[in-house]
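# Inside the fold
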Amino acid sequence: MNQVEPRNQGLNRFAADLPAVDQFVSLGEGNTPLLPLPSLARQLGLARLSAKLESQNPTGSYKDRVAAMSLSLARQRGQNGWIATSSGNAGLSMAAYGTRAGLPGFLCLVASAPLEKRQPLMPYSIGVVAVEGVGRRSKASTDNGLFDHVRSAAERHDLYLAITAHEFNPEGMRGIDTIAYELVEQAPDASHVYVPTGGGGLVTAIGRGLRARRSAAKVIICQPSGCSPIVRHLSREIPSPVIETCESDISALQIPHPPDGVSAVEAVLDSAGWATATGDNAILAAQRRLAETEGVFVEPASAAALACLERDVAEARIGAGAHVVLILTGAGWKDLGRFGAEAAAIDPAELDEVPARVDDWAEASVPGSSCTDFVAR
């Protein structure tokens with residue numbers, strides 16, 4: 001029999017504020033840590049900088065909160081299974097939680113999804129198709145066509161429509177509100193919350209959750225410049241948060257027609273926040289900076305939060321006394337492709353060469369180190 005979540009853990013802890021179900025499907029999601037980032041705070045001249053580590057959820061991303069709520073609702077309603085679209089994170093979450101719920105599922109996966117997001121799907125007994133034409137260089141018409149196909153299939157087969165957007169799955173998306181509930185408990189003095197944004201659902205839910213807990217934190221949308229319809233709309237460059245084609249390589253943020261774009265705009269305006277975009281290269285540099293400076297390795301989409309903060313600091317949009325929180329949405333192992341060449345280039349050494357290699361490294365990297373008296377060398 002499927003186990004249920006203890007009353008004091010995960011989504012269950014906030015059951016009174018979520019859609020009603022008799023039992024929550026759980027793999028231990030939620031209650032993610034808020035990690036201080038003191039070194040980065042000093043470098044950026046901020047009083048405090050923290051990270052909400054959604055990468056610590058069971059399948060490595062915040063989408064586990066959506067999956068837990070969605071599959072709980074699907075089982076409550078007695079539906080035959082679930083169907084979803086995904087660039088990787090949501091698909092893995094739905095596969096895991098669908099299995100936990102005992103419900104079959106079908107996934108329409110972005111064909112260009114990184115291998116690290118495709119491989120973890122293989123142990124699960126779900127239906128999968130890799131859909132061409134979405135993701136990099138996708139068009140709004142293609143994305144909308146896929147959503148239409150999936151919605152129609154859900155109706156034909158009585159499947160839970162598990163797309164991670166309020167437009168299609170408003171009750172399931174309520175699971176994300178719990179990020180904000182936890183954040184207000186962990187950092188009641190947070191002044192700004194930086195949110196990586198693709199379809200707009202995450203920032204919509206976080207904004208709603210912060211309002212429900214009476215937080216005064218400003219919500220900041222973070223998008224790659226090559227796919228920034230919400231940023232461009234808020235800057236009055238375009239009349240609605242829709243662009244024709246995506247030109248960014250940042251997986252999970254490649255959505256030219258964000259299904260929750262309008263509600264995301266409302267969340268920002270309600271909080272007196274704003275939206276920032278920056279280039280793919282800046283996002284990839286921020287990914288490495290997080291790892292090198294604070295030991296936190298996240299996927300590029302997550303690093304968009306830091307990259308946009310860096311831009312805002314440079315443009316004096318953030319005061320020195322701010323307590324900024326970055327929402328780090330997914331783990332670094334989900335997108336490792338660009339590190340392959342570096343890993344392959346690690347220089348081999350014979351056994352008797354190891355001491356010299358260590359000494360060379362120590363002289364260059366360890367303060368106060370001197371190996372001039374090492375006899376064995």
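Bear in mind that the values here come from a model prediction, so they are computed numbers and not experimental data.

### Let's talk about the pattern of salt bridges
Side chains bearing opposite charge may pair, as long as their charged atoms lie close to each other. Applying the stated criterion across every chain, the model contains 18 salt bridges. Close ionic contact of Glu185 with Arg13 constitutes a salt bridge, the shortest N to O distance being 3.2 Å. Taken together, the residues Glu185 in helix 6 (residues 177-186) and Arg13 in the segment before strand 1 (34-36) connect sequence positions 172 residues apart. One salt bridge connects Glu299 with Lys117, and the closest N-O pair in it is separated by 2.9 Å. Residue Glu299 is found in the loop between helix 10 (280-294) and helix 11 (300-314), and its partner Lys117 is found in helix 4 (residues 115-118); the two are separated by 182 residues along the sequence. Comparing Glu299 with Lys117 shows no difference in burial state: the two are buried.

### Details of the packing of helix 10 against helix 11
Helix 11 packs onto helix 10 with a crossing angle of 100° between their chain directions and a minimal axis gap of 7 Å. In this view, helix 10 runs roughly perpendicular relative to helix 11, as classed from their interaxial angle. Residues Ala282, Ile283, Leu284, Ala286, Gln287, Arg289 and Leu290 of helix 10 pack against Pro300, Ala303, Ala304, Leu306, Ala307 and Glu310 of helix 11. Residues of the contact of helix 10 with helix 11, tallied by class, amount to 10 nonpolar, one polar and two charged.

### Some words on the packing of helix 7 (residues 201-212) against helix 9 (residues 261-270)
When two helices pack together, their arrangement is given by the angle between their axes and by how far apart the axes lie. Close contact between helix 7 and helix 9 brings their axes to 8 Å; oriented N to C, the two are set at 35°. When the axes of helix 7 and helix 9 are compared, the crossing they make is left-handed. Seen from helix 7, the contacting residues are Val203, Thr204, Gly207 and Arg211; seen from helix 9, they are Ser263, Ala264, Ala267 and Asp270. Classifying every residue of the contact of helix 7 with helix 9 by side-chain character gives three nonpolar, three polar and two charged.

### A short note on the pairing of strand 3 (residues 81-86)
Burial of strand 3 is extensive: six of the six residues sit out of reach of the surface. Going residue by residue along strand 3, you find Gly81, Ile83 and Thr85 tucked away on one face and Trp82, Ala84 and Ser86 tucked away on the opposite face as well. Examined bridge by bridge, strand 3 and strand 4 (residues 105-110) share five bridges and lie parallel to one another. Bridge pairing in strand 4 places Trp82 opposite Gly105. Regarding the hand of the β-α-β motif, the stretch spanning strand 3, helix 3 (residues 89-101) and strand 4 is right-handed.

### Details of the packing of aromatic side chains
Tallied over the full model, the rule gives three aromatic pairs. Considering the side-chain rings of Phe14 and Tyr181, the 5.3 Å spacing of their centres and the 55° angle between planes classify their relative orientation as tilted. On the criterion of sequence distance, the pair formed by Phe14 in the segment before strand 1 and Tyr181 in helix 6 is long-range, its members being 167 residues apart. When sorted by exposure, Phe14 lands in the same class as Tyr181, which is buried. For the ring pair Phe297 and Phe339, a centre distance of 5.7 Å and an interplane angle of 75° mean the geometry is edge-to-face. Of the two residues, Phe297 sits in the loop between helix 10 and helix 11 while Phe339 sits in the loop between strand 10 (323-328) and helix 12 (340-344), which places them 42 residues apart along the sequence.

### Quick notes on the pairing of strand 7 (residues 192-196)
Buried residues dominate strand 7, accounting for five of its five residues. Here strand 7 shows a buried face lined by His192, Tyr194 and Pro196 and a second buried face lined by Val193 and Val195. Across five bridges, the pairing between strand 7 and strand 8 (residues 218-224) is parallel. Across the sheet, Pro196 pairs through a bridge with Cys222, a residue of strand 8. Tracing the backbone out of strand 7, into helix 7 and back to the parallel element strand 8 gives a crossover that is right-handed.

### A closer look at the domain arrangement of the chain
Domain parsing of the chain yields domain 1 (10-59 + 175-336) and domain 2 (62-161). Put simply, the middle of domain 1 and the middle of domain 2, counted by C-alpha atoms, are 22 Å apart. With 47 residues of domain 1 in contact, the opposing surface of domain 2 contributes 32 residues. In this assembly, domain 1 packs against domain 2 so that about 3,300 Å² is buried in total across both faces, 53% of it on carbon and sulfur atoms. If you sort the residues of domain 1 by the area they bury against domain 2, Val25, Thr59 and Lys334 come out on top, with a joint share of 20%. For the interface between domain 1 and domain 2, the tally reads three salt bridges. One salt bridge connects Glu182 with Arg65, and the closest N-O pair in it is separated by 2.9 Å. With three residues, helix 6 is the single largest residue contributor to the side of domain 1 that touches domain 2. Looking at the side of domain 1 that touches domain 2, its residues break down into 21 nonpolar, 15 polar and 11 charged.

About the thresholds
Counting from 1, residues in each chain are numbered in the order their sequence is written. Predicted model: local features are reported for residues with pLDDT of at least 70 only, side-chain atom pairs are reported and counted for 80 or more only, and whole-chain, interface and lining totals are derived from all residues. With hydrogens and water set aside, each side-chain value is computed from the structure's full complement of heavy atoms. Think of a salt bridge as a Lys or Arg side-chain nitrogen and an Asp or Glu carboxyl oxygen that are within 4 Å of each other. Going along the chain from the N terminus, every DSSP run of H or I of four or more residues is numbered as a helix, and every run of E of two or more is numbered as a strand. Relative accessibility under 20% of the residue-type maximum defines a buried residue, over 50% an exposed one, and the middle range a partly exposed one, all with a 1.4 Å probe and only protein chains included. To obtain each axis, a line is fitted to C-alpha atoms, and for helices this fit is confined to the stretch in contact; angles are then taken between N-to-C directions over 0 to 180 degrees. When describing relative orientation, an angle under 35 degrees is termed roughly parallel and one over 145 degrees roughly antiparallel, while 65 to 115 degrees is termed roughly perpendicular and anything else oblique. In what follows, a contact means two residues having at least one pair of non-hydrogen atoms within 4.5 Å. Just so you know the grouping, Ala, Val, Leu, Ile, Met, Phe, Trp, Tyr, Cys and Pro go in nonpolar, Asp, Glu, Lys and Arg go in charged, and all remaining residues, Gly too, go in polar. If you view the pair so one helix is near and one far, a crossing is left-handed when the near helix is turned anticlockwise from the far one by less than a right angle, and right-handed when it is turned clockwise. The pairing criterion for strands is at least two bridges between them, as found by DSSP. The crossover handedness rule: strands pointing away from the viewer, path from first strand over the helix to second strand clockwise, crossover right-handed. Any Phe, Tyr or Trp ring, taking Trp's six-membered ring, that has another such ring centre within 6.5 Å forms a pair; planes under 30 degrees apart are called stacked, those over 60 apart edge-to-face, and the others tilted. Residue ranges assigned to each domain were obtained from an automatic or database domain assignment. Buried area is understood as the total, over both parts, of accessible area removed when two parts are fitted together, assessed with a 1.4 Å probe.

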